[in-house]
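Coordinate inspection notes
Chain residues, written in single-letter form:
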Amino acid sequence: MANEACRHDWTIVDLQNGYLVTEGCTRCGRRASFFTLKDQPHLDTYMEGGHRWRFLASAQSTRFNLQCAKCGIKVELKNVIGLMLCTECAEDCDVLKLKDESEGGSTWIYVALCSDPMHENGVCVSDEEIRVLEEYFNGNIKSPGKRVRFAPCIRWKSVDVCQGDVIADVGMKEIY
Ligand SMILES: [Zn+2]
Ligand SMILES: [Zn+2]
Ligand SMILES: [Zn+2]
Ligand SMILES: [Zn+2]
């Protein structure tokens, strides 16, 4: 049972390897992303509720949940459709501030991606999802002194400014 006092030992469960696909509306410029297990992205432009969606990009990605091996509590990362290592940012991108808030140069910044890159409804990856991601990955880092921070993609300047590499291997060698 869930125990408030548990020092959680998170493990990855419900792992799915798939693709993160981004589409854009050629009428209003809106962007949308989704996770799919299909390796053939849907390339045809289609109409939906007044939007004219066109394929923009796809990248290998993973989805998973985290469960505590000790108390069994499970956190569903239902808003997370990918994790991106932030490599190219504008100076004034909020995501970069995570780096400034933390000491030293050994902090790696990842963006947790949700399905609404423009956040018209203000909804993104939740604080709890960010917290368990940081707990899991910081608890498993092998390199001394290295730390990872995660930002919800609502903190980025824009879907076009903030770019990076989507993590495709949830063994996460790329992270450790
Ligand atoms: Zn626990
Ligand atoms: Zn549109
Ligand atoms: Zn988001
Ligand atoms: Zn950025």
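Right, let's walk through the structure included here. A quick note: this is a predicted structure, and the numbers were derived from the prediction, not measured. (Residues numbered from 1 in each chain as written. Chains lettered and ligands numbered in written order. Predicted model: local features only at pLDDT ≥ 70, side-chain atom pairs only at ≥ 80, totals over all residues. Heavy atoms only, no water.)

**A short note on the nonpolar core**
Core analysis: the biggest nonpolar cluster contains 41 residues, and L83, V111, L113, L133 and W156 have the highest contact counts within it. Of all elements in the fold, only β1 (10–25), β4 (51–68), β6 (82–88), α1 (94–101), β7 (107–113), α2 (127–140) and β8 (147–152) reach the threshold of two or more residues within this core. (Core = buried A, V, L, I, M, F, W, Y, C linked by side-chain atoms within 4.5 Å. Buried < 20%, exposed > 50% of the residue type's maximum accessible area, 1.4 Å probe, protein only. Helix = DSSP H or I, 4+ residues; strand = E, 2+ residues; numbered from the N terminus.)

**Section: the coordination of the zinc ion (ligand 3)**
Distances from the zinc ion (ligand 3) to its protein donors, namely C114 (SG), H119 (NE2), C124 (SG) and C153 (SG), fall within the range 2.0 to 2.3 Å. One way to put it: the 4 donor atoms around the zinc ion (ligand 3) meet at angles of 106 to 115°, and that makes the site tetrahedral. Donor residues binding the zinc ion (ligand 3) come from one chain and are separated in sequence as C-x4-H-x4-C-x28-C. Placement of the pair is H119 in the loop between β7 and α2 and C153 in the loop between β8 and β9 (163–166), with a sequence separation of 34 residues. (Donors = N, O, S within 2.8 Å, 3.2 Å for Na, K, Ca; no water. Tetrahedral: all angles 85-135°; square planar, octahedral: opposite > 155°, others 65-115°.)

**With respect to the packing of aromatic side chains**
Under the criterion given, the structure shown has 3 aromatic pairs. With a centroid separation of 4.7 Å and 80° between ring planes, the pair formed by Y136 and F137 is classed as edge-to-face. Of the two residues, Y136 and F137, both sit in the buried class. In this structure an aromatic cluster arises from ring pairing among Y110, Y136, F137 and F150. For the cation-ring pair, K146 lies above W108, with the distance from its terminal atom to the ring centre recorded as 3.5 Å. (Phe/Tyr/Trp six-rings, centres within 6.5 Å; stacked < 30°, edge-to-face > 60°. Lys NZ or Arg CZ within 6 Å of the ring centre and 35° of its normal.)

**Here's the deal with the pairing of β8**
Of all 6 residues making up β8, 5 are buried, and the element is well covered by its neighbours. In terms of strand pairing, β7 meets β8 through 6 bridges, oriented parallel. In the strand pairing of β8, W108 is matched with V148. In this view, the connection linking β7 to its parallel neighbour β8 by way of α2 has right-handed handedness. (Pairing = 2+ DSSP bridges. Right-handed = clockwise from strand over helix to strand, strands pointing away.)

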